[in-house]
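Chain residues, written in single-letter form:
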Amino acid sequence: MTTRPPDAPASDTAPPADGHAPEQAGLKAGLKNRHLSMIAIGGVIGAGLFVGSASGIAAAGPGILLSYALVAALVVFVMRMLGEMAAAYPTSGSFSAYADRALGRWAGFSIGWLYWFFWVVVLAVEATAGAVILEGWVPAVPQWAWALIVMVVLTATNLISVGSFGEFEFWFAGIKVVAIGGFILLGGLAIFGVLPGSDHAATGFGNLTAHGGFLPNGGGAILTGILLVVFSFMGSEIVTLAAAESPDARRAVAKATRSVIWRVGVFYIGSILIVVSLLPWNDPAIEKKGSYVAALDTIGIPHAGEIMNFIVLTAVLSCLNSGLYTASRMAFSLGQRGDAPRSFVRTNARGVPQVAILASVAFGFVAVAFNYLWPDTVFQFLLNSSGAVALFVWLVICFSQLRMRGIISRENPEKLVVRMWLFPYLTWVTIAMISFVLLYMLTDDKEGGGRTQVLLSLLVAALVIAIALVRERRRPESHKDVTAPQ
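Please read these numbers as outputs of a predicted model, since none were measured by experiment. (Residues numbered from 1 in each chain as written. Predicted model: local features only at pLDDT ≥ 70, side-chain atom pairs only at ≥ 80, totals over all residues. Heavy atoms only, no water.)

Describing the packing of helix α4 (residues 94–102) against helix α5 (residues 105–137)
Packing of α4 against α5 brings their axes to within 6 Å, and their N-to-C directions diverge by 160 degrees. In terms of orientation, α4 and α5 fall into the roughly antiparallel class. Two packed elements cross with a definite hand, and for α4 against α5 that hand is right-handed. Taken together, the residues of α5 that come into contact with α4 (itself represented by Phe95, Ser96, Ala99 and Asp100) are Arg105, Ala107, Gly108, Ile111, Gly112 and Tyr115. Here the residues of the contact of α4 with α5 are counted per class, giving five nonpolar, three polar and two charged. (Axes fitted to C-alpha atoms, helices over the stretch in contact; angles between N-to-C directions. Helix = DSSP H or I, 4+ residues; strand = E, 2+ residues; numbered from the N terminus. Parallel < 35°, antiparallel > 145°, perpendicular 65-115°, else oblique. Left-handed = near helix turned anticlockwise from the far one by under 90°. Contact = heavy atoms within 4.5 Å. Nonpolar A, V, L, I, M, F, W, Y, C, P; charged D, E, K, R; others polar.)

Laid out in structure tokens, this is it:
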């Protein structure tokens, strides 16, 4: 365990108390407030919301709203904890750097590399998903070529400057926000029969209980729904990494953390409420077309499928863009702390860690190749072995915050500008909720299901932790911190 501030060498002083991002080995504060605001808003809207909600509705009926609400509560609590630490010590390593300090070098090393692994696998998934849509529009270009094109374009975007990443993400996220906002507005008008030009009969919220009740498949379906929707929330934490490259990191983190409640409430729960109110939950069109396309069709929006394909493509490109950024900044942070090659810390004249970016995208390219060459073996293993990492990250954030609250209160109490509610009780409740989800996943024994994901993710995590412990044992005594926080 260390006494140094996150992401800084042991000899460095603590991050400044003026709310600005700490100096970080060449990274430049190139993200504007509008970039961070849109990253914070759009970061919770992934492609999983658009394409994954249909299976959740089929499993739980209108009760899927409770599944979304429970996962949303988890995200809000975890983001509050992360916001407390990030507002005090803004850093590109975010929760990995806080785990390093609060729990020990092994924890920071392990969760940092697991998170990097998660995102580089996501790169392959999203590149393939985007390529499928683009090939449908331009079939003359093969799917693998489209995957290559989108990866190259977004790699170039990240290499140019952090500002170019922010600008792309601003517009990608903006499209998603406008799309969801428009969907909620049009759907709400249709539900009450006041949408001009629509022949949809006013139903109010009758569909929530009219087809077998609010929980047609029983209360246990809520838990099944949780397993189906939990991973669509991953990405909320990206803003705490990006804030380290903004002029006023502390203020940006505090603002993003405080707004997370309405963001998940409106975009997730609000839009799903519209879907299950417009249509009976067991309407075959929901699974056949997708929940949002089916809802748009039922209120008479022309070309709903093409519109949704465009929005999903935007969400995919946004995920690719932010995923590459996130993986590279985590690699940069690991390199800065001596847990990755020092070359990852090198930045060019524009303050971009180009080696970390290229290393991350290189693994992403390899994963894309695996997806085309061995989709049911090697690539499926990568998917399953990274499947539960999101929940591991949330657990580490919780345990880190338990320790970091005492460290911040003792060393820099003025930096507690964001505080976790009902500390430490709500932190422990969150830990119990996440642990329950992981245990419940073990009951999902279908092929590629929750049990497989948890067990393979645990296997990979155990391997990474073992490497971390061996490295720590072999580290020269002169490089170890000899005092721990009191």
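Brief notes about the packing of helix α7 (residues 162–191) against helix α13 (residues 304–336)
Where α7 contacts α13, the axes come no closer than 9 Å and their chain directions differ by 145 degrees. Crossing of α7 over α13 shows left-handed handedness. Touching Val162, Phe165, Phe168, Glu169, Phe172, Ile175, Lys176 and Ala179 of α7 are Phe310, Ile311, Thr314, Ala315, Leu317, Ser318, Asn321, Ser322, Tyr325 and Arg329, all from α13.

Quick word on the side chain of Thr240
Relative to the elements of secondary structure, Thr240 occurs in helix α9 (residues 238–242). What Thr240 contacts, discounting residues up to four positions off in sequence, is Leu82, Ala86, Thr91 and Ser94.

Some details on the packing of aromatic side chains
This structure, assessed with the given rule, holds 19 aromatic pairs. Stacked on the ring of Phe423, the Lys or Arg Arg405 has its end atom at 4.4 Å from the ring centre. (Phe/Tyr/Trp six-rings, centres within 6.5 Å; stacked < 30°, edge-to-face > 60°. Lys NZ or Arg CZ within 6 Å of the ring centre and 35° of its normal.)

A closer look at the environment of Phe172
Inspection of the secondary structure assignment puts Phe172 in helix α7. Exposure remark for Phe172: the relative accessible area of 13% places this residue in the buried category. When the C-alpha positions of Phe172 and Cys319 are compared, they lie 9.2 Å apart, and in sequence the two are 147 residues distant. Residues contacting Phe172, with those up to four places away along its chain left out, are Leu154, Thr314, Leu317, Ser318 and Asn321. (Buried < 20%, exposed > 50% of the residue type's maximum accessible area, 1.4 Å probe, protein only.)

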